[in-house]
Amino acid sequence: MTVQLNHTIVAAHDKRASARFLADLLGLDVSPPYGPFLPVEISNGVTLDFMDSPGAITPQHYAFLVSEEEFDEIFGRIREAGLTYWADPFHSRPGEINHNDGGRGTYFDDPDGHRLEIITRPYGSGG
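The rules behind the values
- Residue positions within a chain follow its written sequence, with the count starting from 1.
- The model is predicted, so local features are restricted to residues of pLDDT at least 70 and side-chain atom pairs to those at 80 or more, both for listing and for counting; the totals for chains, interfaces and linings are taken over all residues.
- Processing note: side-chain calculations cover all non-hydrogen atoms of the structure and skip hydrogens and water entirely.
- Inter-axis angles, ranging from 0 to 180 degrees, are taken between N-to-C directions of lines fitted to C-alpha atoms, where helices are fitted over the stretch in contact.
- Strands are runs of DSSP state E lasting at least two residues, helices are runs of H or I lasting at least four, and both sets are numbered from the N terminus onward.
- Every angle not falling under 35 degrees, over 145, or within 65 to 115 is termed oblique; those three ranges are roughly parallel, roughly antiparallel and roughly perpendicular.
- By definition, residues are in contact when any of their heavy atoms lie within 4.5 Å.
- Note on residue classes: Ala, Val, Leu, Ile, Met, Phe, Trp, Tyr, Cys and Pro are nonpolar, Asp, Glu, Lys and Arg are charged, and everything else, Gly too, is polar.
- A 1.4 Å probe rolled over the protein chains alone gives each residue an accessible area, and that area as a share of the maximum for its type sets the label: buried under 20%, exposed over 50%, partly exposed in between.
- Here, strands pair whenever DSSP counts at least two bridges between them.

## Examining the packing of helix H1 (residues 15–26) against helix H2 (residues 68–80)
Close contact between H1 and H2 brings their axes to 8 Å; oriented N to C, the two are set at 130°. Compared by their axis directions, H1 and H2 come out oblique. Each of Asp-24, Leu-25 and Leu-26 in H1 lies in contact with H2, whose residues at this interface are Ile-74, Arg-77 and Ile-78. The residue inventory of the contact of H1 with H2, partitioned by class, reads four nonpolar, no polar and two charged.

If you want it as structure tokens, here you go:
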């Protein structure tokens, strides 16, 4: 059997708002609820299952590999929404994108502080 990531749970203070935030930026749909979860499915079949979580949320990192065209579309939505974005995961280069491995990438935060990233080239793939 080939091991594949199927889903992961994303803690949120408001699962509907957080799922909608991600889906809108990435150009995806929010799926119908499944138990306490509100899934957002990405193109390789993996779902991010948003779940309401009271109290403090420990920020996690979620990186999405996108095409050059998708990067332009998503980055346009990030800028249109007035979101702060960074070229690095440490938030030390605001208002910039990176060109790691000959591609493009940027980081931005979701409403619960999760660190989201879009990249056009996998790390270590060249450049």
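## Brief notes about the pairing of strand E4 (residues 61–65)
Taken residue by residue, a regular strand's side chains alternate between the two faces of the sheet. Here E4 shows a clear split, with Tyr-62 and Phe-64 buried on one side and none of His-61, Ala-63 and Leu-65 buried on the other. Across five bridges, the pairing between E4 and strand E7 (residues 115–119) is parallel. Paired with Tyr-62 across the two strands is Leu-116, which belongs to E7.

## Regarding the sheet that holds strand E6 (residues 105–109)
Read from one edge of the open sheet, four strands run E4-E7-E6-E5, paired in mixed fashion. Either end of the sheet is taken by a strand with one partner, and the two such strands are E4 and strand E5 (85–86). This element, H2, spans E5, E6 and E7 of the sheet and lies at about 35° to E6.

## What to know about the environment of Arg-16
One can find Arg-16 in helix H1. You can call Arg-16 exposed: its relative accessible area is 52%. Sequence separation of Arg-16 and Pro-54 is 38 residues, and the distance between their C-alpha atoms is 14 Å.

So yeah, pure geometry; function would need other evidence.
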